[in-house]
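# Descriptive structure summary
The primary structure of each chain is shown beneath.
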Amino acid sequence: MEKKNIDWSSLSFAYMPTDYRFVAHYKDGSWDEGGLVKDASCTMSESAGVLQYAQTCFEGLKAYTTKDGRIVTFRPDLNAKRLQDSADRLLIPQVSTEMFLRALDEVVKANAAWVPPYGTGATLYVRPFLFGCGPVIGVAPAPEYEFRMFVTPVGPYFKGGIKPLRLLLSQYDRAAPHGTGHIKAGLNYAMSLYPGYVAKHQGYAENMYLDAATRTHVEETGGANFLFVTKDNRIVTPKSDTILPSITRRSLVYVAEHYLGLEVEERPVDYCELKDFKECGLCGTAAVISPVGAVDTPDGTIEFASGMDEMGPVCAKLREVLTGIQMGEVEAPEGWIREIC
Ligand code: PLP
Ligand code: COI
């Protein structure tokens, strides 16, 4: 199979249509078999649930080319499970793990020419999503749904790759207590667009959100969880019911404990503790683990000891092991890697 003629190393995190996507329809109480299509556009009722009341949720994962030339994905069963949790909360019919994995295998294999080669720093981003496509006008779940999965080759999520980022402590909230912060609902991202715009126009890479109820605890950014390193090399990561349970963060916690022998604390993180950490990272599929150098707050700037020049050593080691597992350079824990071809 001949790869597409792309300058893989200079890709940014942007959408590029590829050859095939997977589409399945839900009607009259069941999903059809689904299959690959070439058309990148969706057609639906003007009164579709997704258009009127934002009835949609999504996932994000990546396919990688390993050192020995295989194409693999990373813990996709956890994305399938999280999509089911998101669907339940939005009254969207679940897609089974079996169907999710079949769609993933088919869509990645069919687009193998778009999977960036090993060593380029780029990966194939996979975007599964569910939405109400049937008509509603009263506020109600839609009568019909689509499950889609497309892929697009991507480079680093943050400009400059792994240069430390500067964040803004947001004056806006991301997720309400007992709301939808713990699922990957499109509506969470729609409401983060304005705070994101405010932060980016002031030169920040992202917002740091605090918990909406007390504004005393660190939650996450618009698209990644936090991970901190203490001065004595312990890992601290916020535990909260209103953040997305990041698969990358859960994997990094495992790597920290089982590969690097570090102690990990998953607990509420008070905003006042920030100044005591020496490193801070953003973890997510898109972000991998991206270093944070400083956070600007109304009370002044918090600067992490790792500084604004390079990634701190603990985050760098975590990143090296995680990406090593994903690229087949480091032995993976049982069940983490799904080989596609
Ligand atoms: N938090 C939010 C709000 C996200 O959108 C994402 C991205 O998926 C993450 C965290 C990281 O999750 P994961 O590591 O599963 O990609
Ligand atoms: C991901 O990391 O997959 C995400 O969904 C984050 C998104 C904001 C790009």
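Residues numbered from 1 in each chain as written. Chains lettered and ligands numbered in written order. Predicted model: local features only at pLDDT ≥ 70, side-chain atom pairs only at ≥ 80, totals over all residues. Heavy atoms only, no water.

## Concerning helix α7 (residues 313-326)
Helix length check: α7, at 14 residues, gives a terminal C-alpha distance of 20 Å against a target of 20 Å (1.5 Å per residue), a fit within 8%. Of the residues making up α7, those classed as buried are Val314, Cys315, Leu318, Val321, Leu322, Gly324, Ile325 and Gln326. Looking one or two places after α7, you find Gly328, whose phi comes out positive at around 75°. (Helix = DSSP H or I, 4+ residues; strand = E, 2+ residues; numbered from the N terminus. Expected span 1.5 Å × (residues − 1). Buried < 20%, exposed > 50% of the residue type's maximum accessible area, 1.4 Å probe, protein only.)

## Description of the nonpolar core
Core analysis: the biggest nonpolar cluster contains 40 residues, and Trp31, Phe100, Leu104, Val108, Leu130, Phe147 and Met149 have the highest contact counts within it. Contributions of two or more residues to this core are made by β1 (21-27), β5 (61-65), α2 (76-89), α3 (97-110), β7 (123-132) and β8 (145-154). Residues Tyr64, Leu252, Val264 and Val288 belong to the second largest nonpolar core, which totals 24 residues. (Core = buried A, V, L, I, M, F, W, Y, C linked by side-chain atoms within 4.5 Å.)

## Quick word on a nonpolar patch on the surface
A contiguous nonpolar surface patch, about 350 Å² in accessible area, is contributed by Tyr53, Ile137 and Val139. Within the element layout of this structure, Tyr53 appears in helix α1 (residues 49-53). (Patch = residues over 30% accessible without salt bridge, like charges linked within 9 Å, V, L, I, M, F, W, Y side chains within 5 Å. Areas by Shrake-Rupley, 256 points an atom, 1.4 Å probe, with all protein chains shown as cover. Salt bridge = Lys/Arg side-chain N within 4 Å of Asp/Glu carboxyl O.)

## Focus: the pattern of salt bridges
Taken as a whole, this structure holds 19 salt bridges when the rule is applied. With a closest N to O distance of 2.8 Å, Arg338 and Asp105 form a salt bridge. Of this pair, Arg338 sits in strand β17 (residues 337-339) while Asp105 sits in helix α3; the two residues are 233 residues apart in sequence, bridging distant segments of the chain. Its relative accessible area of 23% is what places Asp105 among the partly exposed residues.

## Thoughts on α2
Here α2 spans 20 Å end to end across 14 residues, near enough to the 20 Å set by a 1.5 Å rise per residue. Along α2, the positions that sit buried rather than exposed are Pro76, Leu78, Asn79, Ala80, Arg82, Leu83, Gln84, Ser86 and Ala87. The first or second residue beyond α2 is Leu91, which carries a positive phi of 55°.

## Section: the site of ligand 2
The full set of residues close to ligand 2 is Phe13, Phe58, Gly60, Tyr125, Arg127, Tyr157, Lys184, Gly223, Thr285 and Ala286. Contacts to ligand 2 include Thr285, whose backbone N or O atom sits 3.4 Å from an oxygen atom. One of the backbone nitrogen or oxygen atoms of Ala286 is found 2.8 Å away from an oxygen atom of ligand 2. Burial of ligand 2 by the protein chains amounts to 90% of its free accessible area of 290 Å². In terms of residue class, the shell around ligand 2 is made up of five nonpolar, three polar and two charged. (Near = heavy atom within 4 Å. Polar contact = N/O pair within 3.5 Å; in protein donor to acceptor, adjacent residues only side chain to side chain. Nonpolar A, V, L, I, M, F, W, Y, C, P; charged D, E, K, R; others polar.)

## As for the packing of helix α6 (residues 247-258) against α7
The geometry of α6 relative to α7 is characterised by a closest axis approach of 10 Å and an angle of 110° between their N-to-C directions. The orientation of α6 with respect to α7, classified from their angle, is roughly perpendicular. On the side of α6, the interface is formed by Thr248, Ser251, Leu252, Val255 and Ala256, while α7 contributes Leu318, Val321, Leu322 and Ile325. Its residues assigned to classes, the contact of α6 with α7 shows seven nonpolar, two polar and no charged. (Axes fitted to C-alpha atoms, helices over the stretch in contact; angles between N-to-C directions. Parallel < 35°, antiparallel > 145°, perpendicular 65-115°, else oblique. Contact = heavy atoms within 4.5 Å.)

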